[in-house]
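Structure at a glance
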Amino acid sequence: MAKAVPILASLQAFLRQPTLKRGPKTLVVAVSGGADSVGLLRAAAEVAPALGWQVEALHCDHGLRAVSKAEARFVDG
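Quick summary incoming for the structure in this document. In this text the structure is predicted, and so the values were computed from the model without any measurement.

Description of the pattern of salt bridges
Going through the model one piece at a time under the given rule, you end up with one salt bridge. Across the salt bridge formed by Glu71 and Arg65, the nearest N and O atoms sit 2.6 Å from each other. Look at Glu71 and you get buried, because its relative accessible area is 14%.

Section: the pairing of strand β1 (residues 25-31)
One ladder, built from seven bridges, connects β1 with strand β2 (residues 53-59); its direction is parallel. Of the residues in β2, the one forming a bridge with Val31 is His59. The handedness of the β1 to β2 crossover, carried by helix α2 (residues 35-47), is right-handed.

About the thresholds
- Residues numbered from 1 in each chain as written.
- Predicted model: local features only at pLDDT ≥ 70, side-chain atom pairs only at ≥ 80, totals over all residues.
- Heavy atoms only, no water.
- Salt bridge = Lys/Arg side-chain N within 4 Å of Asp/Glu carboxyl O.
- Buried < 20%, exposed > 50% of the residue type's maximum accessible area, 1.4 Å probe, protein only.
- Pairing = 2+ DSSP bridges.
- Helix = DSSP H or I, 4+ residues; strand = E, 2+ residues; numbered from the N terminus.
- Right-handed = clockwise from strand over helix to strand, strands pointing away.

See the structure below:
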């Protein structure tokens with residue numbers, strides 16, 4: 001079985017890849033408002049700036065669940 005890698009370490013390793021864009025770096029995180037996308041956004045906001053990345057959130061309401069409108073309001077702040 002593969003060893004679990006904490007999300008912050010995994011995200012840091014990804015953003016350090018030399019094949020990623022040089023120069024101004026913007027990481028766009030699609031956020032629906034669910035726990036997984038909000039967690040990813042929080043992780044990105046924690047690690048990306050120290051590596052020279054700007055983080056932007058892109059809201060996406062799939063409209064698949066009854067709570068999606070409330071999640072959209074949460075994300076849009």
